[in-house]
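Understanding the architecture of this molecule
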Amino acid sequence: MAQIIDGKAVAAFVKNREKDKVADLNNQGIKVSLAVILVGNDPASCVYVANKRKDCDELGINSIEYALPEETTMDELLALIDKLNKDKDINGILCQLPLPRHLDETQVLEAISPLKDVDAFHPENVGRIMMGKYEFLPCTPAGIMEMLSYYNIETSGKNCVVIGRSNIVGKPMAMLMLHSNSTVTICHSRTKNLKEVCNGADILISAVGKADFVTADMVKDGAVVIDVGMNRNGAGKLCGDVDFESVKEKASMITPVPGGVGPMTRAMLMCNTVTAALKQNGLK
Ligand code: NAP
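Below you will find a few notes about this structure. (Residues numbered from 1 in each chain as written. Predicted model: local features only at pLDDT ≥ 70, side-chain atom pairs only at ≥ 80, totals over all residues. Heavy atoms only, no water.)

1. With respect to the site of the ligand
How we decide: Near residues are defined by distance, with any heavy atom within 4 Å of the molecule or strand qualifying the residue. Between N or O atoms, a polar contact is any pair within 3.5 Å; within protein, one atom must be a potential hydrogen donor and the other a potential acceptor, and residues adjacent in sequence are included only when both atoms are from side chains. Every accessible area reported is derived by Shrake-Rupley at a probe size of 1.4 Å, with residue values counting cover from the shown protein chains alone. Counting from the N terminus, the helices are DSSP H or I runs at least four residues long and the strands are E runs at least two residues long.
In the neighbourhood of the ligand, 22 residues make up the surrounding shell, with R165, S166, S189, M230 and T265 lying closest. At a separation of 3.4 Å, a nitrogen atom of the ligand approaches a polar backbone atom of V228. Here the ligand has 930 Å² of accessible area as a free molecule, and 71% of this is covered by the chains. For the shell around the ligand, the leading source of residues is helix α10 (residues 261-280), giving three residues.

2. Thoughts on a nonpolar patch on the surface
This is how the line gets drawn: Any residue with relative accessible area above 30% and no salt bridge may belong to a patch, with like charges joined within 9 Å and the nonpolar Val, Leu, Ile, Met, Phe, Trp and Tyr side chains within 5 Å. Criterion for a salt bridge: a side-chain nitrogen of Lys or Arg within 4 Å of a carboxyl oxygen of Asp or Glu. Using a 1.4 Å probe on the protein chains alone, a residue whose accessible area is under 20% of its type maximum counts as buried, one over 50% counts as exposed, and one in between counts as partly exposed.
Residues V47, Y48 and M230 make up a contiguous nonpolar surface patch of about 290 Å² in total accessible area. Position of V47 among the secondary structure elements: in helix α2 (residues 43-59). Of the residues examined, V47 reaches a relative accessible area of 46% and is grouped as partly exposed.

3. Regarding the sheet that holds strand β5 (residues 159-163)
To be explicit about the condition: At least two DSSP bridges between two strands are needed for those strands to be called paired.
Spatially, β1-β11-β8-β7-β5-β6 is the arrangement adopted by the six strands of the open sheet, whose pairing is parallel. With partners counted over all chains shown, the strands left at the sheet margins are β1 (3-4) and β6 (183-187), one partner each. Across four bridges, strand β7 (residues 203-206) lies against strand β8 (residues 224-227) in parallel orientation. Bridge pairing links L204 to V225 in β8.

4. Examining the pattern of salt bridges
Inspection of the entire model under this criterion finds 14 salt bridges. Between D55 and K15 there is a salt bridge, with its nearest N and O atoms 3.3 Å apart. Placement of the pair is D55 in helix α2 and K15 in helix α1 (residues 7-27), with a sequence separation of 40 residues. For K15, a relative accessible area of 14% translates into the label buried. Between E245 and K248 there is a salt bridge; the shortest N-O distance is 2.7 Å. With relative accessibility at 11%, the residue K248 sits in the buried group. Residues joined by salt bridges that share partners form a network here, namely K15, D55, E58 and R266.

5. Examining the packing of aromatic side chains
Aromatic ring pairs are defined here through the distance separating the ring centres and the angle between the ring planes. Here is the rule we go by: In this analysis, rings of Phe, Tyr and Trp, with Trp reduced to its six-membered ring, are considered paired at centre separations within 6.5 Å, and the interplanar angle assigns stacked below 30 degrees, edge-to-face beyond 60, and tilted for intermediate values.
Enumeration over the complete set of coordinates arrives at two aromatic pairs. When the ring of Y150 is compared with that of Y151, the centres are 5.4 Å apart and the planes differ by 65°; the resulting orientation is edge-to-face. Residue Y151 is classed as buried on the basis of its relative accessible area of 18%. Among the aromatic side chains, those forming a connected cluster through ring pairs are F13, Y150 and Y151.

6. Here's the deal with helix α7 (residues 170-179)
Here is the rule we go by: Two residues form a contact once any of their heavy atoms are found within 4.5 Å.
In terms of burial, α7 is largely enclosed, as seven of its 10 residues are buried. Within α7 the residues assigned to the buried category are G170, P172, M173, A174, M175, L176 and M177. Of the surrounding secondary structure, the elements contacted by the buried residues of α7 are α5 (123-131), α6 (139-150), β5, β6 and β7. Positive backbone phi, at 70°, marks N181, one or two positions downstream of α7.

7. Looking at the layout of surface pockets
Defined as follows: Computed over the protein atoms alone on a 1 Å grid, cavities are sets of points where a 1.4 Å probe fits but cannot get out and pockets are open sets with protein on both sides within 12 Å along at least five of seven lines; a residue lines them when it has an atom within 4 Å of a point. Grid points are joined across faces, edges and corners, and a volume is the space filled by probe spheres set on the points. Residue polarity is assigned by list, with Asp, Glu, Lys and Arg as charged and Ala, Val, Leu, Ile, Met, Phe, Trp, Tyr, Cys and Pro as nonpolar; anything else, Gly included, falls into the polar class.
A volume near 1300 Å³ is recorded for the largest pocket. Of all elements in the fold, only α1, α2, β4 (92-95), α6, β9 (231-232) and α10 reach the threshold of two or more residues within the lining of the largest pocket. Broken down by class, the residue content of the lining of the largest pocket amounts to 23 nonpolar, 11 polar and eight charged. Together, 18 residues line the second largest pocket, and F121, V126, N167, I168 and P172 are the ones closest to its centre. Among the elements of the structure, α4 (105-111), α5 and α7 are those that each provide at least two residues to the lining of the second largest pocket. Across the lining of the second largest pocket, the residue classes break down as 13 nonpolar, two polar and three charged.

8. Examining the nonpolar core
Counted only if it meets this: We define a nonpolar core as any set of buried Ala, Val, Leu, Ile, Met, Phe, Trp, Tyr and Cys residues linked to one another through side-chain atoms lying within 4.5 Å.
Counting residues in each nonpolar core, the largest one holds 55 residues, and the members touching the most others are I61, I144 and I205. The greatest single-element share of this core, amounting to 11 residues, is contributed by α10. Discounting residues that sit within four places of it in the chain, I144 has contacts with M173, I205, I226, V228 and V261. Core analysis: the next-biggest nonpolar cluster, separate from the first, contains 17 residues, C187, M218, A223 and V247 among them.

As far as function goes, none of this settles anything; it's purely spatial.
Have a look at this one:
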C-alpha cells in the first residue's frame, strides 16, 4: 500500500520556515503585507479569502482585504490595482478568481505589478517560468514541487505525466517537472490512449477536476500519484480526481484529498508574499 504524502505536514514545515523570515523582517523594521481583492460574493472565493487571512495571521503577515461589490467596473478595479501597485507598504497583490463575467480577467492579471504578483499569473512571470529564471511560481505547482522535494522523490530522468493543461496548474506544473529533469507528457481532453500514456508514468499528476477520473488501471505499479483535483463526489464530500481507495494499492506514494495539494497551495502563497517583501527591500 502507498505511503500517504502528508500535505498538511509539509505545509506546516513551509509556513514555519516563512514565519521565521517574517520575524526576521519585522526585526529589521519591515512589515510584510498582502492585499487581497475580492469582487462579488462567490461562496467558494469567500472561503479561500478567509483562509488566506488565517494563514497571514498565523505567519504575522498583514492581510488587507478589499471586498468590492459584484457590480464593480473595470475602471474601478484597475484604479484600485494601480493604487496598490504604487503603495510601498503593500508587498503582494492578489485578485481572487474567478471574477464576475463583466470583468476582463486577463486585463486585471496584467495590471498587477509583476513584482507584487504573488499568484504568478502576470505574463512576465509566466514567461520567466518558461525560461527557468523566476521569482514567483504559481502556488499549486510550486507546492507540489515542495512536496516532492520534502519526500526526496527523485524527478530526474523519470517519466512524468501531467493530466490537464490549464494556465494555473497543468502548464506550469509540466514546465517545473521539465526543469527538474523529468521527461514530461501533458495530457488533455483530446489525448488519445490516455490510459496507456498514464501507465508509463513514474510520477502521475492529475489536474482535471473530475471525481474518480484516475482509476487503478491507469497507474503503473509503484508510481507516485499527485492529485490536484478538488471535486465533490455524489455524497457532496470533497474528493480529488483519483479513485484513492483502489489507486493507493498500486502507487508507492499518493496525496490524499483533502490534506494533500490543497494545504500546499495555501502555504506557497505565504512563501511568495515573503519573497515579494524580501525582493522589494533588496534582501533577495
Ligand atoms: P481546468 O482549467 O478546468 O483544466 C482542466 C484540464 O483537464 C483541461 O486541460 C482539460 O483539457 C483536462 N481534461 C478535462 N477532461 C479531460 C479528459 N477526459 N481527459 C483528459 N484531460 C481532461 O482546471 P484547473 O484550474 O487546472 O483545475 C483542475 C482541478 O484542480 C480542479 O478540480 C480544481 O478545483 C483543482 N485545483 C486544486 C487546487 C488545489 O490547491 N488543490 C488548485 C487549483 C486547482 P482541455 O484543455 O482539453 O479542456
